[in-house]
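This is what each chain is made of:
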Amino acid sequence: MAEPIYRACEILAQFLVRATGTRITYAGEENIPQRGGAVIAINHTSYVDFLPAGLAMRRRHRRLRFMIKAEMQRVKIVNFLIKRNGAIPVDRSSGHDAYDAAVQALQDGELVAVYPEATISRSFELKEFKTGAARMAVEAGVPIVPLIVWGAQRIWTKGLPRQLGRKKVPVTVAAGPPLPAARDITLTDKELYESTNEELYESMTSLLHRVQQDYPHPAGERWVPCRLGGGAPTVDEAARMDAEETAARAARRKPRQSR
């Protein structure tokens, strides 16, 4: 990984945090390994939750390799940063190369960030997890560290106005105890992936709820989950909105049939 560029991005991130007055609280930093590979599993509520997650790793003198949508490479500056920061582009139609690159990075002792939900949660609750994080950890023989970022959805997320500028939004980043992802000869690979994935989901749910207990949630606010009295969509409503968005995107991509 090209350290100078990554370090420059860290400095820029710190500047943005100070400029916006964002107050980041860190918890459970000791759960982030100071050496060796690990999957960092992050909940996904915002377009900017990667930033506090990366800064949390910095406090342990570590760097994160993010997996990022391959289409972002079309933006020149983003493509430059992807290459220089060691990010792993993911082609959603065929992610084998990205998966192999992530496993290799883990085996080389790096930290790889994975969003098990794959896309932003409109309900701000945990969505159903994909098994990628569990599979990578098992194959590479490394632990999974659950990481919750909470509050970043107030800054920039799907369907809500952006709150950029000096808004002084509080954000919490909490790391949970690492989950071992060792092979078990009594289980098939599929059973092991599912069991590890289930354990990760339960761990992240518990950690999310603990973080939320210490965070103010004004009733009716659209960034607050319905479960906590907020105006965010319910899990079912959010799933329906996601399905409609996916269908609309597919329709736009469908080639026009010749008349």
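Use the structure listed above.
Criteria and thresholds
Residues numbered from 1 in each chain as written. Predicted model: local features only at pLDDT ≥ 70, side-chain atom pairs only at ≥ 80, totals over all residues. Heavy atoms only, no water. Core = buried A, V, L, I, M, F, W, Y, C linked by side-chain atoms within 4.5 Å. Buried < 20%, exposed > 50% of the residue type's maximum accessible area, 1.4 Å probe, protein only. Contact = heavy atoms within 4.5 Å. Patch = residues over 30% accessible without salt bridge, like charges linked within 9 Å, V, L, I, M, F, W, Y side chains within 5 Å. Areas by Shrake-Rupley, 256 points an atom, 1.4 Å probe, with all protein chains shown as cover. Salt bridge = Lys/Arg side-chain N within 4 Å of Asp/Glu carboxyl O. Lys, Arg positive; Asp, Glu negative; His and termini not counted. Charge placed at Lys NZ, Arg CZ, Asp CG, Glu CD. Helix = DSSP H or I, 4+ residues; strand = E, 2+ residues; numbered from the N terminus. Axes fitted to C-alpha atoms, helices over the stretch in contact; angles between N-to-C directions. Left-handed = near helix turned anticlockwise from the far one by under 90°. Nonpolar A, V, L, I, M, F, W, Y, C, P; charged D, E, K, R; others polar. Pairing = 2+ DSSP bridges. Phe/Tyr/Trp six-rings, centres within 6.5 Å; stacked < 30°, edge-to-face > 60°. Lys NZ or Arg CZ within 6 Å of the ring centre and 35° of its normal.

Caption draft 1: Quick look at the nonpolar core. If you look at the biggest cluster of nonpolar residues, it comprises 62 residues, and the most contacted ones within it are Val 39, Ile 42, Leu 64 and Met 136. In contact with Met 136, not counting residues within four places along its chain, are Val 39, Met 67, Tyr 99, Ala 102, Val 103, Leu 106 and Val 114.

Caption draft 2: Representation of a negative patch on the surface within the structure. Together, Glu 191, Glu 194, Glu 198, Glu 199 and Glu 202 give the surface a local cluster of negative charge. Along the chain, Glu 202 turns up in helix H6 (residues 189-213). Residue class for Glu 202 comes out partly exposed when judged on its relative accessible area of 48%.

Caption draft 3: Fine view of unusual backbone geometry. The residue His 61 is not glycine, and still its phi comes out positive at about 60°. Along the chain, His 61 falls in the loop between helix H2 (50-58) and strand E3 (64-69). Despite not being glycine, Ala 118 shows a phi value in the positive range, around 75°. With respect to the helices, strands and loops of the structure, Ala 118 is situated in the loop between strand E5 (111-114) and helix H5 (132-140). Residue Ala 118 is classed as partly exposed on the basis of its relative accessible area, which comes to 34%.

Caption draft 4: Quick peek at the packing of helix H1 (residues 3-20) against H2. In contact at an axis separation of 10 Å, H1 and H2 are set at 115° when each is read in the N-to-C sense. In the packing of H1 onto H2, the handedness of the crossing is left-handed. When H1 is examined against H2, the residues Arg 7, Glu 10, Ala 13, Gln 14, Leu 16 and Val 17 are found in contact with a partner set consisting of Leu 51, Leu 55 and Arg 58. When its residues are assigned to classes, the contact of H1 with H2 shows 5 nonpolar, 1 polar and 3 charged.

Caption draft 5: Expanded view of the sheet that holds E5. Strand order in the open sheet formed by 7 strands is E1-E7-E6-E2-E5-E3-E4, and the pairing between neighbours is mixed. A single partner strand is all that each edge strand has here, and the edge strands are strand E1 (23-27) and strand E4 (88-90). Ignoring which end each strand starts from, the neighbouring axes of this sheet average 25° apart. Where strand E2 (residues 38-42) meets E5, 4 bridges bridge the pair, whose relative direction is parallel. Pairing of Ala 38 across the sheet is with Leu 111, part of E5. This element, helix H4 (residues 96-107), spans E2, E3, E4 and E5 of the sheet and lies at about 155° to E4. The sheet contacts of H6 involve E2, strand E6 (144-150) and strand E7 (170-175), and relative to E6 the element is tilted by about 35°.

Caption draft 6: Representation of the side chain of Thr 157 within the structure. Looking at where Thr 157 falls in the secondary structure, it is placed in the loop between E6 and E7. For Thr 157, a relative accessible area of 4% translates into the label buried. Contact partners of Thr 157, with chain neighbours within four places excluded, come to Thr 45, Ser 46, Tyr 47, Ile 120 and Phe 124.

Caption draft 7: Just the packing of aromatic side chains, in detail. The full count for this structure, using the stated rule, is 4 aromatic pairs. Arranged with centres 6.1 Å apart and planes meeting at 85°, the rings of Phe 50 and Phe 66 form a pair that is edge-to-face. Placement of the pair is Phe 50 in helix H2 and Phe 66 in strand E3, with a sequence separation of 16 residues. Classification of Phe 66 as buried rests on a relative accessible area of 18%. Each ring, one from Phe 129 and one from Tyr 201, has its centre 4.8 Å from the other, and the planes form 70°; the classification is edge-to-face. Linking Phe 129 in the loop between E5 and H5 with Tyr 201 in helix H6, this pair joins segments that are 72 residues apart in sequence. A relative accessible area of 7% means that Phe 129 is categorised as buried. Its relative accessible area of 32% is what places Tyr 201 among the partly exposed residues. Seen from the ring of Tyr 193, Arg 135 lies directly overhead, with NZ or CZ sitting 6.0 Å from the centre.

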